[in-house]
Amino acid sequence: MDLADPRKGVLVGRKSPYPAEFRNDAVALYRAAGGKRTYAPVAADVGVTGETLRSWVRQADEQAEQPRQAARRGQG
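Residues numbered from 1 in each chain as written. Predicted model: local features only at pLDDT ≥ 70, side-chain atom pairs only at ≥ 80, totals over all residues. Heavy atoms only, no water.

A.B. asks: Quick question: what am I supposed to make of helix H1 (residues 20–32) here?
C.D. replies: It helps to recall that an α-helix has 3.6 residues per turn; residues three or four apart then point in one direction. With 13 residues, H1 should cover 18 Å at 1.5 Å per step; its first-to-last C-alpha distance of 18 Å lies within 8% of that length. All of the buried residues along H1 are Ala26, Val27 and Tyr30. Here the buried residues of H1 occupy an arc of 100° about the axis, which is enough to place them on one side. Exposed residues pointing more than 90 degrees away from the buried face of H1 are listed as Glu21, Asn24 and Ala32. A positive phi of about 60° marks glycine 34, the residue just after H1. (Helix = DSSP H or I, 4+ residues; strand = E, 2+ residues; numbered from the N terminus. Expected span 1.5 Å × (residues − 1). Buried < 20%, exposed > 50% of the residue type's maximum accessible area, 1.4 Å probe, protein only. Arc of directions from axis to C-beta.)

This is the structure:
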């Protein structure tokens, strides 16, 4: 890794080995728990790490927020 640019040499944006439908189902399963289960047990149920599931949930939240932000800009 290059210390001048820590992102240099890091794979960013590579395609996930998991299909989008699988990722979406895993996120839905986590959300269906309503805060009663942490990432780790839900992730174990679907066969991924807790960090992977956390990342998918964060990405889903960001994608859901984008249309809301665009709609707010259009109302101004």
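A.B. asks: How do you make sense of the pattern of salt bridges when you look at a structure like this?
C.D. replies: Two side chains bearing opposite charge may form a pair once their charged atoms approach each other closely. Here the structure, examined in full by the defined rule, presents three salt bridges. The closest approach of N and O atoms between arginine 31 and aspartate 61, which form a salt bridge, is 2.1 Å. With arginine 31 in helix H1 and aspartate 61 in helix H3 (residues 50–75), this residue pair connects regions lying 30 residues apart in the sequence. Between arginine 54 and glutamate 51 there is a salt bridge, with the nearest N and O atoms lying 2.6 Å from each other. Separated by three residues within a single helix, arginine 54 and glutamate 51 lie in helix H3, roughly one turn from each other. The class for arginine 54 is partly exposed, based on a relative accessible area of 30%. Accessibility expressed as a relative area gives 47% for glutamate 51, which makes it partly exposed. (Salt bridge = Lys/Arg side-chain N within 4 Å of Asp/Glu carboxyl O.)

That is the geometry; function is a separate question.
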